[in-house]
Amino acid sequence: MLSLAKNPIYKLSLHQSKTLALTLFQQCTHVTVTMKWKKDPYFDSIDLLTKSKDLKILISLKNLILSLSPPEVGIPISSISKQNCRLEISGRVTAFLRKYPSFFEEFTGPKYNLPWFKLTQEAFELDQEENTVYETKMEDIVDRLRRLVLMSRERILPFRIVQGMLWYLGLPDDFLKSQENLLKFGFEILEIGDGEMWLKAPDPGQTLPLSALQRNAINESGEQLELLSRSDIHFPLFPFKGIRLKVKIRDWLDHFQKLPYVSPYEAFSDLELHSDVAEKRVAGVLHELLSIFVDNSAERRRLFCLRKHLRLPQKVDKVFEKHPHVFYLLLKNKTCFVVLKEAYQVNGEGTVIERHPLLKVRKKYVKLMKKSDTILRKRRSGKPVLELNEEDSA
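Residues numbered from 1 in each chain as written. Predicted model: local features only at pLDDT ≥ 70, side-chain atom pairs only at ≥ 80, totals over all residues. Heavy atoms only, no water.

## Some remarks on the overall build of the protein
Part 1: Counting its secondary structure elements, the protein contains 17 helices and nine strands.
Part 2: For the protein, the proportion of contacts with a sequence separation of at least 24, taken over those separated by at least 6, is 69%.
Part 3: Accessible area for the protein stands at about 20,300 Å²; split by element, carbon and sulfur atoms hold 51% of it. (Helix = DSSP H or I, 4+ residues; strand = E, 2+ residues; numbered from the N terminus. Contact = heavy atoms within 4.5 Å. Areas by Shrake-Rupley, 256 points an atom, 1.4 Å probe, with all protein chains shown as cover.)

Structural data, given as structure tokens:
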């Protein structure tokens, strides 16, 4: 069995630690396993997940309105419509804004009788709370960006890729526009190729971050990481209720759990791409990636953009399908989201995944979204829309 070097982060590189044991593990016969996707009502009922696509658009609209005018003034619909492609709103922009009266207040503008929109007081207060989180917890949030970049092949990522991940990491849309911010947190800005800007993570030296799976192993065993072997690091499994695995699949899963674990932050150039160890590394990278996101989920197509930089296989979606005890595929709003099951266990017990500082505010935004349903329902019924109590908005 391959033991870890006596260092909390594997002091030896993967090339140095590639022993006969690891070589033999890589040469194991690859087993083709197929599992049918099964709908899970529990994950399909979590508002934070099912409303995430609209929530992203709402936050972008909120930021756009505040960037163009004081909160009490508002902007015309024409100013918002110009940004339709960037906002990724399907359908008419006006219809989307009117769908959320708890966020946006509509009124007739001073010219041409055009509809204007401004934030409601509740939306503005949540924006203030969000800004407070950024002021007090920005270092923690930026550390998640550092972890993402450290997972990449050369520990650098192009700006265009990072920009697409800012929402999931919990960073503001304009974070990359301030070079002072990037330099402040130790990042380097490189210009490679045809003038494309790249982000380089601060040099971690010998202190690589511990992955969530490593922290889980430490928590379960009570041992220091250097006393554990790579084969002691397993995936927490959360099987579907009422599903019995075939013997072949159960044996394969037991074998997979006992394979040597390669941290997403380690060098991995010596791994054979189609080996079982490489597959466990890929599953570990995806597990770690989702663990640093705000709601521990992401749109599947967004993750494909990271494939080349994190050295993930071309058919990386097969990993989600092959490991339904670790990941859940949520089909909603004509797209597919990947959810890390471990993060959504009751009361968060038995997991060491760190809650994102922005998670609480995002949940409040979702609650405000649901309040719009009550407002629209009362409007249709002809009832006066006054202050809504907690029972109405639940």
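## Some details on the pattern of salt bridges
Part 1: Counted under the stated rule, the structure contains 19 salt bridges.
Part 2: The salt bridge involving K62 is made with D127; its shortest N-O contact spans 2.6 Å. One end of the pair, K62, is in helix α4 (residues 52–68); the other, D127, is in helix α8 (residues 121–150), and 65 residues separate them in sequence.
Part 3: Taking the shortest distance from any N to any O, the salt bridge between R302 and E299 comes out at 3.9 Å. Taken individually, R302 and E299 each receive the classification buried, so the pair is uniform in this respect.
Part 4: Through salt bridges with shared partners, a single network forms among E88, E299, R301 and R302. (Salt bridge = Lys/Arg side-chain N within 4 Å of Asp/Glu carboxyl O. Buried < 20%, exposed > 50% of the residue type's maximum accessible area, 1.4 Å probe, protein only.)

## Section: the sheet that holds strand β5 (residues 188–192)
Part 1: Judged by pairing direction, the sheet is antiparallel, and its three strands sit side by side in the order β4-β6-β5 without closing on themselves. Strand pairing shows two members of the sheet lacking a second neighbour, β4 (156–158) and β5, which therefore form its edges. Each neighbouring strand pair of the sheet contributes to a mean axis angle of 35 degrees, computed without reference to strand direction.
Part 2: Pairing of β5 with strand β6 (residues 196–200) involves five bridges; the strand directions are antiparallel. (Pairing = 2+ DSSP bridges. Axes fitted to C-alpha atoms, helices over the stretch in contact; angles between N-to-C directions.)

## Describing the nonpolar core
Part 1: Grouped together as the largest cluster of nonpolar side chains are 104 residues, with contacts concentrated most on F104, L145 and F293.
Part 2: The element best represented in this core is α8, accounting for 11 residues.
Part 3: Those residues within four positions of L145 in sequence are excluded, and the remaining contacts are V162, L169, L171, F175, F187 and L199. (Core = buried A, V, L, I, M, F, W, Y, C linked by side-chain atoms within 4.5 Å.)

## Focus: the pairing of β6
Part 1: Here β4 pairs with β6 via three bridges, running antiparallel. Opposite P158, over in β6, you have W198 as the bridge partner.
Part 2: Hairpin connection of β5 to β6: three residues between the antiparallel strands, including G193 at a positive phi of 70 degrees.

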